[in-house]
Amino acid sequence: MTEFVLVPGLFTGPQVWRETAGKLAAEGAKTHVVGLPAADGGEGPGVDLEALIARVVETIDAIGAAEDEPDVVLVGHDYGVFAAVGAADRRAGRIARIVYVDAPLVGDGMPPLAAVPDQELRERLAAAGETAGELAPPARDEWRRWGSTAGLTDEALDRLTEAAVPQPLGTLLLPLRLTGAAEPIPTTGVLCAESGATIAAVRMLLSFGDPALQALARPDVTFFELPTGHWPMLSCPDELAGALLAAAAGDGVSLAAPAQEEPATPGYLRPFLIDVPEIPRERHGTVDLYVPEGAESTPRPAIVFVHGGPVPAGVEPTPRDWSTFVGYARLAADHGVVGVTLDHRLHDVSAYPTAAEDLAAAVAEVRADPRVDADRIALWFFSGSGPMTAPWLSEPPPWLRCLAACYPIMAPLPGWGVNDPRFRPAEVVARGGTLPFVLVRAGLETSAVAATVAEFVAAAETGGVPVEVIDVPDGHHAFEGLDHSDTARVAVREAMRRVLERLDVR
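Everything in this summary refers to the structure shown in the same document.

### Some words on the overall build of the protein
Secondary structure assignment for the protein yields 15 helices and 17 strands. Relative to its length of 506 residues, the protein is compact, with a C-alpha radius of gyration of 25 Å against a globular reference of 23 Å. Considered along the principal axes of its C-alpha atoms, the protein spans approximately 85 × 55 × 35 Å. Counting only residues that meet the buried cut, the protein has 53% of its 506 residues in that class. Within the structure as shown, the protein displays about 20400 Å² of accessible surface, and the carbon and sulfur contribution to it stands at 52%. Positive and negative side-chain charges of the protein, numbering 38 and 70 respectively, have mean locations separated by a distance of 5 Å.

What follows is the structure in structure tokens.
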């Protein structure tokens, strides 16, 4: 027999699990919800992470005393996963599986502050170092700062707000201490797509080769994906219960390649969807140039292709050598303009300012090249670099003729906690402007990303910004390496044609 121990996330108590626990009970499973001591009359601000871990351990021990030591599945939602993993470390022999519900990966020495999505707040709390106080819960209209509210009805949002409790700072700032005993325990991730977490995204992260993530490819690690926001126990409680029951049974999507198969080549390293000439690159620091013939005598316009991210530091090959960007740069050079790829340091969602500085420096270097017509430049963005369009839209220099973007993320996703107004393109275009913008939209885009594009397009219409949308109905995110369809090829060629027109290239 399996029993579930459910650990709520930030500001929430046992009541948010009511429907999910009820569904589990209806299917014959027992549940135990462990909330913050402060949430049920405890000592409040003095509570820390160890106190919550101790409470989860007590619950596990009580299950063993009351029953014949059934298997225990520990479930942690966002912050709650720290207590779940901490308790599993102390009672590893009793735990059948750990389930992460829209939660970060945790490890020894990591402070639960990592579960706070607001970057500025994290930095402020860490700098203060105060563990005796508490963090007030969000007001009703502030929950979006803490995660995607997609799927929540007005009634559910009211309930979330009314039942919210302060979060003791000691539960956030003191690091999680682990012995490693829980590492072999099977795990499951329940991903919430509207938060920007999808199985496809995890596959891509694994393809980058980050050693810290390779455990996600173990055969006993599985994944489920729910089409909802950060609080699935309120937005789709029955579906969450179904995922938990299936996880307990060992079901779910495994990202482990069968032993007899070679790992699949990630899309960004597969051949470009259009055959392009083998134009050689010129490497200049972090910038590569693909120069057409004749540029030495007649300077040519340039298109700078800006990769997305975040891409972990140390990934090999680096993005400027990925087939997609090399393909675009060679396609540009084949049309008589200088194609440019670069590596920038968007290694984390907090690094947009750094990446923007890298891009500005690269553009200045390109414009200084004597083979480049410095007055005819276009910038072409991809995926997670979309927020970096905002500074160029805000104050476009006269030499910047056009912006383009393929399947862009046009605003930081809810779970990123990036509130820097410098990287919110919709807020810029709503104020008006004249810089042309060519946008290639993937028809099979994830809903969370598609929502940012829809917001941007609507804001551009309000501000009168000329956004030219080219749709790829059968295209996925990063379709150049995934969908070699005629519609995708036509879209890429049409986007290139429109950008070239803006550069006065016929």
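Now that the structure is up, let's keep going.
### Some thoughts on the layout of surface pockets
Here the second largest pocket is characterised by a volume of approximately 550 Å³. If you trace the second largest pocket, you find 25 residues lining it, with Arg144, Pro412, Pro414, Arg424 and Glu455 closest to the centre. For the lining of the second largest pocket, the secondary structure elements donating two or more residues are helix H13 (425-429) and helix H14 (447-463). The element contributing the most residues to the lining of the second largest pocket is H14, with four residues.

### Examining the pattern of salt bridges
Summed over the entire model, instances satisfying the criterion amount to 28 salt bridges. In this structure, Arg401 and Asp504 form a salt bridge, with 3.0 Å as the shortest nitrogen-oxygen distance. One end of the pair, Arg401, is in strand E15 (residues 400-406); the other, Asp504, is in the segment after helix H15 (486-502), and 103 residues separate them in sequence. On the accessibility criterion, Arg401 (25% relative accessible area) is partly exposed. The partly exposed category is assigned to Asp504, whose relative accessible area is 44%. Salt-bridge contacts for Arg441 lead to Asp471; the nearest nitrogen and oxygen are separated by 2.7 Å. Placement of the pair is Arg441 in strand E16 (residues 437-442) and Asp471 in strand E17 (residues 467-472), with a sequence separation of 30 residues. Within this structure, Arg281, Arg283, Asp288, Arg320, Asp321 and Asp343 form a network of salt bridges that share partners.

The rules behind each value
- Residues numbered from 1 in each chain as written.
- Predicted model: local features only at pLDDT ≥ 70, side-chain atom pairs only at ≥ 80, totals over all residues.
- Heavy atoms only, no water.
- Helix = DSSP H or I, 4+ residues; strand = E, 2+ residues; numbered from the N terminus.
- Rg over C-alpha atoms; globule rule 2.2 N^0.38 Å.
- Buried < 20%, exposed > 50% of the residue type's maximum accessible area, 1.4 Å probe, protein only.
- Areas by Shrake-Rupley, 256 points an atom, 1.4 Å probe, with all protein chains shown as cover.
- Lys, Arg positive; Asp, Glu negative; His and termini not counted.
- Charge placed at Lys NZ, Arg CZ, Asp CG, Glu CD.
- 1 Å grid on protein atoms, 1.4 Å probe; cavity = no way out; pocket = protein on both sides within 12 Å on 5 of 7 lines; lining within 4 Å.
- Points joined across faces, edges and corners; volume = space filled by probe spheres on them.
- Salt bridge = Lys/Arg side-chain N within 4 Å of Asp/Glu carboxyl O.

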